[in-house]
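Descriptive analysis of the structure
Listed here are the chains, written in short residue letters.
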Amino acid sequence: DFVAIDWSDGVFQSELGLAVGQLREITETQRQLSSCPVLFAWDGEKFAFVSDFLGVGGMGYAIGPNQFATPRPWENFLLPDGALRPKDGRLVLKIGEPMEENAYIDTARLAVYDLPPDWQMVMDERMGISDPQPTGAPFFFRDELLPASAVNDRGDDVLAAVLDGDGVAAPVGPLDHRFIGLLEREHVLTLEFPAPLDGRQGMPLLVIDGWVEYPYSQTNFAAWQAGATFEAPTVEAFDGEQWRVLLDQFGYPAGMPRRMSVALPPLPAGTSRLRLRTNMQIYWDRVAVAFAEQPPAHGRQVAPLAAAEVGKTGFARRDTLGQFRPHYDYADRSPFWDTRYMAGYYTRLGPARELVAEHDDAVAIIGPGEEVHLEFVATDPAPEGWRRYFVLETRGWAKDMDFVT
């Protein structure tokens, strides 16, 4: 009837309808086993893929022999412009698990920010490696500088790739095919800005749109065995004579496409050149320096949670676009996938508002092929000419089934 295969890198695969008495060559299907919960939003026409989140809250993620990363069980995710539209007076989101992992959702709140004309915002969010650690707080700004030139370590002009968050990122260079998420050599991106970055009004922020190809626990263990290391991004400034480290291994976009930021320390006088360097498979899609200030007025409200329900809705089809950029199609779901399930108790299917409304360690537990459907009451429109932002404020964890996790 079928052949079930456990490949040596943890991929589970089944082949159906194999002819009897014939030799059949089977190639391993390359697919993403795990990442973290995936977010879909009603965009006015359909439930569209946004990104993943709570990757920072991975439990048991191995970084070496008997070494495990400490999970950060919260993330404040800024939704892209236009990603969320009202549907019959509700703002509807779905938290899905189309991979071989579990999600534990303690709280899901939708914060609504309204900003006056010419103001923007970004969250102090990223996968924090070294200090300063992310706070999840909003940064507001009206002044932003995009680079005037961008050159990589191979001498290529990549300016067009880092000016827009369009899903086309700066090329990372050759991959180290022994390890998921590792490059053969360091990817260095040198940015020249059209004006000095110091002395402007506001606190300078490095604002980046991008995504990362996450290694699995077993990848980290194998890299440790081979003496290979993953070096998170470092940002440097040119002081007129030499490059100076501003933030050593400050972090990176925590998963699939998203916007991150980090506050920069005091810059050398006249700084107009910054340099990003890492050997991780991180795709820089848009890079800018913004200058955080407090707006003269802004509004923040929390949309009331009207309903939450756990459902078994199947596995959204995953496509890998250019530069390893993932995409999920909620309209094309399969009831089954080559997936194993963790043993244990899961939240019953049906209403679950009492589990996700408050931060109380009473969590909605979902596994592969399941989702938490969320409906928030749509708030009054933003004032005329103002700009509205949505932030999904979550608390919870994720856990994959990698055999080293």
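As a reminder, the structure under discussion sits directly above these lines.
Cut-off values and rules
- Residues numbered from 1 in each chain as written.
- Predicted model: local features only at pLDDT ≥ 70, side-chain atom pairs only at ≥ 80, totals over all residues.
- Heavy atoms only, no water.
- Helix = DSSP H or I, 4+ residues; strand = E, 2+ residues; numbered from the N terminus.
- Rg over C-alpha atoms; globule rule 2.2 N^0.38 Å.
- Buried < 20%, exposed > 50% of the residue type's maximum accessible area, 1.4 Å probe, protein only.
- Contact = heavy atoms within 4.5 Å.
- Areas by Shrake-Rupley, 256 points an atom, 1.4 Å probe, with all protein chains shown as cover.
- Lys, Arg positive; Asp, Glu negative; His and termini not counted.
- Charge placed at Lys NZ, Arg CZ, Asp CG, Glu CD.
- 1 Å grid on protein atoms, 1.4 Å probe; cavity = no way out; pocket = protein on both sides within 12 Å on 5 of 7 lines; lining within 4 Å.
- Points joined across faces, edges and corners; volume = space filled by probe spheres on them.
- Pairing = 2+ DSSP bridges.
- Axes fitted to C-alpha atoms, helices over the stretch in contact; angles between N-to-C directions.
- Core = buried A, V, L, I, M, F, W, Y, C linked by side-chain atoms within 4.5 Å.
- Salt bridge = Lys/Arg side-chain N within 4 Å of Asp/Glu carboxyl O.

**Quick look at the overall build of the protein**
- The helix and strand inventory of the protein stands at three helices and 29 strands.
- Relative to a compact globule of 405 residues, whose C-alpha radius of gyration would be 22 Å, the protein shows 22 Å and is just as compact.
- Its C-alpha atoms give the protein principal-axis dimensions of roughly 70 × 55 × 35 Å.
- When burial is assessed residue by residue, the protein has 53% of its 405 residues classed as buried.
- A separation threshold of at least 6 residues defines the contact pool for the protein, and within that pool the share at least 24 residues apart is 76%.
- Of the roughly 18,100 Å² of accessible surface on the protein, a fraction of 51% belongs to carbon and sulfur atoms.
- Charge separation in the protein, taken as the distance between the mean sites of 35 positive and 59 negative side-chain charges, equals 2 Å.

**Re helix H2 (residues 217–226)**
- Among the residues of H2, those classed as buried are Ser 217, Gln 218, Thr 219, Asn 220 and Ala 223.
- On its buried face, H2 sits against strand E5 (62–64).
- Just downstream of H2 lies Gly 227, where phi reads positive at about 75 degrees.

**Some remarks on empty space enclosed by the protein**
- Evaluation of the coordinates by the stated rule reveals four cavities of 30 Å³ or more.
- When its volume is computed, the largest cavity comes out at roughly 90 Å³.
- Lining the largest cavity, in full, are Glu 75, Asn 76, Phe 77, Leu 78, Glu 125, Arg 126, Pro 253, Ala 254, Arg 258, Arg 259 and Met 260.
- Secondary-structure elements contributing two or more residues to the lining of the largest cavity are strand E7 (74–78) and strand E19 (258–263).
- Per-element tally for the lining of the largest cavity: the top contributor is E7, with four residues.

**Some remarks on the sheet that holds strand E4 (residues 47–52)**
- With respect to topology, six strands assemble into an open sheet ordered E4-E3-E8-E28-E23-E26, the strand pairing being antiparallel. Looking at the sheet topology across the chains shown, the edges are occupied by E4 and strand E26 (350–351).

**Quick look at the sheet that holds strand E16 (residues 234–238)**
- The five strands lie next to each other as E13-E14-E20-E16-E17, forming an open sheet whose pairing is antiparallel. Of all the strands in the sheet, just strand E13 (149–152) and strand E17 (243–247) have a single pairing partner and so form its edges. Between one strand axis and the next, the sheet turns through 25 degrees on average, direction left out of account.
- For E16 and E17, the ladder comprises four bridges, and the chain directions are antiparallel. Bridge pairing in E17 links Val 235 to Leu 247.

**Regarding the nonpolar core**
- With 41 residues, the main nonpolar core has Leu 189, Leu 206 and Leu 274 as its most contacted residues.
- Mapped onto this core, the elements with two or more residues apiece are helix H1 (159–162), strand E14 (182–192), strand E15 (203–212), E16, E17, E19, strand E20 (273–280) and strand E21 (282–293).
- When neighbours within four sequence positions are excluded, Leu 189 is seen to be in contact with Ala 150, Val 151, Val 158, Val 162, Leu 274, Arg 275, Leu 276, Trp 284 and Val 287.
- One finds Leu 91, Leu 110, Ala 303 and Ala 308 within the second-largest nonpolar core, a separate group that totals 32 residues.

**Here's the deal with unusual backbone geometry**
- A cis amide bond links Asp 131 with the next residue in sequence, Pro 132, at an omega value of 5 degrees.
- Looking at the secondary structure, you find Pro 132 in the loop between strand E11 (127–128) and strand E12 (138–145).
- A positive phi angle, near 50 degrees, is found at Gln 249, a position not held by glycine.
- Residue placement: Gln 249 occurs in the loop between E17 and strand E18 (251–252).
- Positive phi is not limited to glycine here, since Asp 361 has a value of about 65 degrees.
- Following the sequence through the fold, Asp 361 ends up in the loop between helix H3 (353–356) and strand E27 (364–366).
- We classify Asp 361 as exposed; its relative accessible area is 56%.

**Some details on the pattern of salt bridges**
- What the rule picks out here adds up to 27 salt bridges.
- Across the salt bridge formed by Arg 90 and Glu 375, the nearest N and O atoms sit 2.6 Å from each other. Taken together, the residues Arg 90 in strand E8 (residues 90–96) and Glu 375 in strand E28 (residues 370–377) connect sequence positions 285 residues apart.
- Through salt bridges with shared partners, a single ionic network connects Glu 186, Glu 236, Arg 275 and Arg 277.

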